[in-house]
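# A structural walkthrough
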Amino acid sequence: MANGQWYPSEWPDRIRALAAGTLTPVTPRRAATVMLLKDQDGDTGPVVHMLRRRASMAFAAGAYAYPGGGVDPRDDDRHVRWAGPTRAWWADRLGVDEAAAQAIVCAAVRETYEEAGVLLAGPTPDAVAGDTTGADWEADRAALVARELSFAEFLDRRGLVLRSDLLGAWARWITPEFESRRYDTWFFVAALPKGQRTRNASTEADRTVWIRPAAAAASYDKGELLMMPPTIATLRQLQPYATAADALAAAPERDLTPVLAEARLVDGEIVLSWPGHDEFTKHIPTGGAPA
């Protein structure tokens, strides 16, 4: 392949079925993912935490991504201990109602803890948890993963408040209509809190790395790292920022208009494109492979 763009072999057939009206799009599931940043010595910008999805995964196997996952429905209607911008503020920023805004922000914080061991919460609105390793923390993390414990219950048990001010909403991408697994995903940025460290706590990943966005993008361009379009697109958007704080400061001005792939028939071939992201355009001849 010319680059590391993730492209499932079943896409052409599914695109044709959608165009023919024989494929009914799956309703996308709400999800959140976090680009966790930390500053390094020197002036070459922050590094971002990424994980590689296991080859056995049904969705995006082998692709590099950020910690993230689907919303837990219990986070819509249970009171969550909260600090930072209000739920109303987040509802306006994310383009959803207040219950959905709470759930999406909770998913971002919870999934970062579940998959990277990093917790964007603290004992007070102006403090953040320190070392989150140890048997008791691991037991709670495992209960969250197993959905035996809701995030609201976890915060109550620990006497913590969710620090929504530590997150910046960055982008929103919706999985194409022809995909069998679809997500409506909000991308966030956050800085690694002092005193905490990442680890590969995910059962879905076989490798984790801290890497500069420019280096990851260069490896993608060489075909060395496999990524989905939203991942490489957001990596490229992070490149201009000199520090994690600079990226967070830029987040409130980011456009959250959803990006959804389009497939259309042009001169006998399928043209697959993502509006505003020309690099991902694919031309699929009838009965052939994408070019």
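Preceding block: the structure.
Residues numbered from 1 in each chain as written. Predicted model: local features only at pLDDT ≥ 70, side-chain atom pairs only at ≥ 80, totals over all residues. Heavy atoms only, no water.

Before going further, it helps to spend a moment on the side chain of Arg 141. One can find Arg 141 in helix H5 (residues 135-145). Within the local environment of Arg 141, its side chain forms a polar contact with the backbone oxygen of Glu 114, the two atoms lying 2.6 Å apart. (Helix = DSSP H or I, 4+ residues; strand = E, 2+ residues; numbered from the N terminus. Polar contact = N/O pair within 3.5 Å; in protein donor to acceptor, adjacent residues only side chain to side chain.)

Let's shift gears to the sheet that holds strand S12 (residues 262-266). Reading across the sheet, the three strands line up as S12-S13-S14 and stay open at both edges, with antiparallel pairing between neighbours. The open sheet terminates on both sides in strands that have one partner only, identified here as S12 and strand S14 (277-285). Between one strand axis and the next, the sheet turns by 25° as a mean value, whatever way the strands run. This element, helix H1 (residues 11-20), spans S12, strand S13 (269-274) and S14 of the sheet and lies at about 100° to S13. (Pairing = 2+ DSSP bridges. Axes fitted to C-alpha atoms, helices over the stretch in contact; angles between N-to-C directions. Contact = heavy atoms within 4.5 Å.)

We now examine the sheet that holds strand S6 (residues 121-122). Read across the sheet, three strands follow the order S5-S7-S6 without closing on themselves; strand pairing throughout is mixed. A single partner strand is all that each edge strand has here, and the edge strands are strand S5 (82-83) and S6.

Here the focus is the pairing of S12. Strand direction decides the pairing type here: S12 and S13, joined by five bridges, are antiparallel. What sits directly across from Val 266, in S13, is Glu 269. Where S12 hands over to S13, the hairpin turn is made up of two residues, of which Asp 267 adopts a positive phi near 50°.

Counting across every chain of the model gives 15 salt bridges. Here Asp 165 makes a salt bridge to Arg 163, at a shortest N to O gap of 2.8 Å. Judged by relative accessible area, Asp 165 falls into the partly exposed class, the value being 36%. One salt bridge connects Arg 172 with Asp 184, and the closest N-O pair in it is separated by 2.6 Å. With Arg 172 in strand S8 (residues 168-174) and Asp 184 in strand S9 (residues 183-191), this residue pair connects regions lying 12 residues apart in the sequence. Residue Arg 172 is classed as buried on the basis of its relative accessible area, which comes to 14%. On the basis of relative accessibility, which here comes to 9%, the residue Asp 184 falls in the buried class. Linked through salt bridges whose partners overlap, the residues forming this network are Arg 110, Glu 111, Glu 114 and Arg 147. (Salt bridge = Lys/Arg side-chain N within 4 Å of Asp/Glu carboxyl O. Buried < 20%, exposed > 50% of the residue type's maximum accessible area, 1.4 Å probe, protein only.)

When two helices pack together, their arrangement is given by the angle between the helix axes and the distance between those axes. Taken N-terminus to C-terminus, the directions of H5 and helix H6 (residues 151-158) make an angle of 160°; their axes are 10 Å apart at the nearest point. In terms of axis orientation, H5 runs roughly antiparallel to H6. Crossing of H5 against H6: the hand is right-handed. Across the interface between the two elements, Asp 136, Trp 137, Asp 140 and Leu 144 from H5 touch Phe 151, Phe 154, Arg 157 and Arg 158 from H6. Of the residues contributing to the contact of H5 with H6, the split by class is four nonpolar, no polar and four charged. (Parallel < 35°, antiparallel > 145°, perpendicular 65-115°, else oblique. Left-handed = near helix turned anticlockwise from the far one by under 90°. Nonpolar A, V, L, I, M, F, W, Y, C, P; charged D, E, K, R; others polar.)

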